[in-house]
Amino acid sequence: MARSNQLNNFFLNDFSSNIETVNRNLRKKIRPVFEFSPGMFSLKQRLIFYANFLNLKFYFALIIITVLGTVMFLLLNMMASSLIKLRYEYFESSFVGMIVSAVICGLLATWITGSFAPTAEGSGLPELKTVLSGIEYYDFLNLKTLVCKYFSSLMVKVSGMGMGFEGAFTHLIVIMAHRIVQLPFFSELNNITSKQILMIVGVCAAFSFGFGTPIGSIILTIELCTHNFPVSSLIRCFISAGVAFTSYIILNNAFSIKGIKEVESLNFDLNLIHHFVIIGVINGILAVMYMRLFSRHLINRRTSKHPLFANRYLYLALVSGIIAIFSFPHNSFKYGFKQILGDLIRFKSLDDSKREINWWNEGDKIVGELFYILVSRIFMFVAFSTAPIPFGVFTPGLIIGTIVGRLYAEIFTRYFGLVVDVRVLVLCSSSAFICAFTKTFSPWICVLEMTRQISLTFPSMISVLCSYSLYSFCCIGFFDLIIAIRKLPYLPTMIDPELGLKPISAVMEPIGSVFIYENATMLDV
């Protein structure tokens with residue numbers, strides 16, 4: 001034993017000394033190269049080397065998809081606004097006309113996706129999380145899906161279902177990012193790593209020009225891509241968000257597109273902290289109730305063999321017709337989320353002459369009006385999010401949270417003598433519902449950015465934390481639920497800690513047999 005230890009020590013010392021000798025000799029040979037290399041290359045050659053190191057083609061592709069995506073998004077918004085205005089001009093006074101036009105637009109939307117691209121249905125964000133984790137999703141990123149989702153989303157918006165474009169458009173810009181690398185000029189980027197990073201920055205760009213909030217979009221991208229967000233892509237997300245927001249501002253000013261106007265500076269009183277907690281709890285309870293209703297209805301619709309649920313056209317006709325009946329009495333349903341949020345957040349009283357929406361506002365009847373709109377919006381949310389059409393969840397969720405805050409503020413100021421600027425309570429509530437429902441904090445940042453009310457960071461954070469905590473105790477997030485129901489190949493969210501100790505066969509269902517051979521690569525795995 002002693003002899004073997006001596007031999008080991010000898011070999012180790014000899015090996016170490018030889019390595020040191022090699023390193024010294026290598027340094028002697030390399031030093032002259034580093035000393036004289038600047039004189040060996042011209043300035044042009046050095047710039048070319050530096051450009052290859054930075055991979056400027058990647059940033060060129062990033063700018064192209066960001067600017068093109070912004071233009072397509074604003075064109076979609078403008079077309080939707082024009083068609084909605086045209087629909088209301090012709091049928092606003094006709095109850096039957098509004099229902100028939102809504103049903104036709106809804107049927108056209110589901111016909112486009114059902115006939116040409118079923119992968120264009122839904123939000124696209126749960127599937128996107130699966131794709132970004134390295135899974136090949138058949139037909140999810142092809143051009144046919146892009147075209148079908150673009151025009152199907154337009155028809156859904158015109159039908160008056162109250163969907164948001166942001167989630168659906170994220171899917172579109174990811175398709176653009178995936179396809180642009182197939183052009184000969186960008187062939188160097190046609191590899192797994194570059195495509196994944198380009199798709200991630202595409203997600204950031206989509207939310208940046210969708211909401212006009214670059215910081216919130218970066219945080220949202222990190223939240224959605226938590227399991228596979230390379231740190232190196234963070235600076236690229238900053239660039240993407242900056243380019244998208246700049247394009248958004250330029251095009252908005254060029255086409256005079258309306259957004260949320262700046263709200264005058266608001267202040268809060270710490271004595272009202274219990275109201276911020278109550279608002280958060282109310283939004284959390286509402287999010288839990290909504291999730292229970294949504295999940296049960298979605299499972300029943302997917303498993304039911306009744307023609308009303310199994311047939312996409314019958315279901316869409318029913319859903320769009322009922323939504324048209326609910327939305328017919330009030331003209332707030334023809335406006336976008338920025339106009340609705342602008343009225344509810346900016347004005348102390350909804351009878352302000354600068355308002356955009358014609359609120360009824362007949363004394364205390366405003367409470368009943370807001371409650372009616374809240375119930376209608378929740379029903380619309382459940383209806384279109386379970387239908388075979390494209391949809392987005394962030395803007396409808398923001399609207400619901402904002403209405404809850406306004407309803408709470410109106411009740412307590414009118415009936416309980418609370419002395420407070422109602423806009424403070426409204427803004428604190430606006431993001432609480434959607435933050436809990438999606439289990440993300442970025443909508444809270446987006447609301448603060450849109451309204452420029454950084455002074456209300458603390459009270460709004462209290463409401464969001466209370467809502468988020470209560471919801472997390474009872475339910476999983478919306479995207480995780482869709483992944484579980486649709487059995488997408490993605491790591492499941494563990495509700496019960498004991499599930500982590502069980503074999504994978506007890507947690508997920510097998511979808512096929514996979515054999516790993518002796519010479520399999522990491523790509524095969």
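Structure: see above.
Residues numbered from 1 in each chain as written. Predicted model: local features only at pLDDT ≥ 70, side-chain atom pairs only at ≥ 80, totals over all residues. Heavy atoms only, no water.

*Asks:* What is the right way to look at the packing of helix H3 (residues 56-91) against helix H8 (residues 192-211) in this model?
*Replies:* Geometrically, a packed helix pair is captured by the angle between its two axes and the distance between the axes. Two elements in contact, H3 and H8, have axes separated by 10 Å at closest approach and are oriented at 35 degrees. Between H3 and H8 lies a crossing whose hand is right-handed. On H8, the residues that touch Phe58, Ala61, Leu62, Ile65, Thr66, Gly69, Thr70 and Phe73 of H3 are Ser194, Ile197, Leu198, Val201, Gly202, Ala205, Phe209 and Gly210. Each residue belonging to the contact of H3 with H8 can be placed in one class, and the counts come to ten nonpolar, six polar and no charged. (Axes fitted to C-alpha atoms, helices over the stretch in contact; angles between N-to-C directions. Helix = DSSP H or I, 4+ residues; strand = E, 2+ residues; numbered from the N terminus. Left-handed = near helix turned anticlockwise from the far one by under 90°. Contact = heavy atoms within 4.5 Å. Nonpolar A, V, L, I, M, F, W, Y, C, P; charged D, E, K, R; others polar.)

*Asks:* Can you help me understand the pattern of salt bridges in this one?
*Replies:* If charged atoms from side chains of opposite charge come close, those side chains can pair. Going through the model one piece at a time under the given rule, you end up with six salt bridges. One salt bridge in this structure joins Asp480 and Lys129, with 3.9 Å as the shortest N-O distance. In this pair, Asp480 is assigned in helix H21 (residues 478-485) and Lys129 in helix H5 (residues 125-132), connecting sequence segments 351 residues apart. With a shortest N-O distance of 2.8 Å, Asp421 and Arg423 are connected by a salt bridge. Each of the salt bridges in this network shares a partner with another, and the network as a whole consists of Arg406, Glu410 and Arg414. (Salt bridge = Lys/Arg side-chain N within 4 Å of Asp/Glu carboxyl O.)

*Asks:* Honestly, unusual backbone geometry in this entry has me stumped. Any pointers?
*Replies:* The bulk of non-glycine residues show a negative phi, and the bulk of peptide bonds are trans. Its identity is not glycine, yet Lys439 carries a phi of approximately 55 degrees, on the positive side. In this structure Lys439 comes out as partly exposed when scored by relative accessible area, which is 27%. Even without glycine at this site, Arg452 takes up a positive phi of about 60 degrees. Following the sequence through the fold, Arg452 ends up in the loop between helix H19 (442-451) and helix H20 (457-474). (Buried < 20%, exposed > 50% of the residue type's maximum accessible area, 1.4 Å probe, protein only.)

*Asks:* When you look at the nonpolar core in this model, what are you seeing that I'm missing?
*Replies:* Here is a general trend for soluble globular proteins: nonpolar side chains tend to be buried in one another's company. Residues Leu198, Phe209, Phe394, Phe437 and Phe478 are the most contacted members of the largest nonpolar core, which totals 140 residues. If near-sequence neighbours (up to four positions away) are discounted, Phe478 is found in contact with Met291, Phe294, Phe391, Val393, Phe437, Thr438 and Tyr471. (Core = buried A, V, L, I, M, F, W, Y, C linked by side-chain atoms within 4.5 Å.)

*Asks:* Hey, could you run me through the environment of Ile434 in this one?
*Replies:* Mapped onto the secondary structure, Ile434 falls in helix H18 (residues 432-438). Residue class for Ile434 comes out buried when judged on its relative accessible area of 0%. In this view, Ile434 contacts Val393, Phe394, Gly397, Leu398, Lys439 and Pro443; residues no more than four positions away in its chain are not counted.

*Asks:* Teacher, can you tell me more about the packing of H3 against helix H6 (residues 143-158) here?
*Replies:* Where H3 contacts H6, the two axes come as close as 9 Å, and the packing angle between them is 35 degrees. The element H3 and its partner H6 pack so that their crossing is right-handed. From H3, Met72, Leu75, Leu76, Met79, Ala80, Leu83, Ile84 and Arg87 reach across to H6, where they touch Leu146, Tyr150, Leu154, Met155, Lys157 and Val158. A per-class count over the contact of H3 with H6 returns twelve nonpolar, no polar and two charged.

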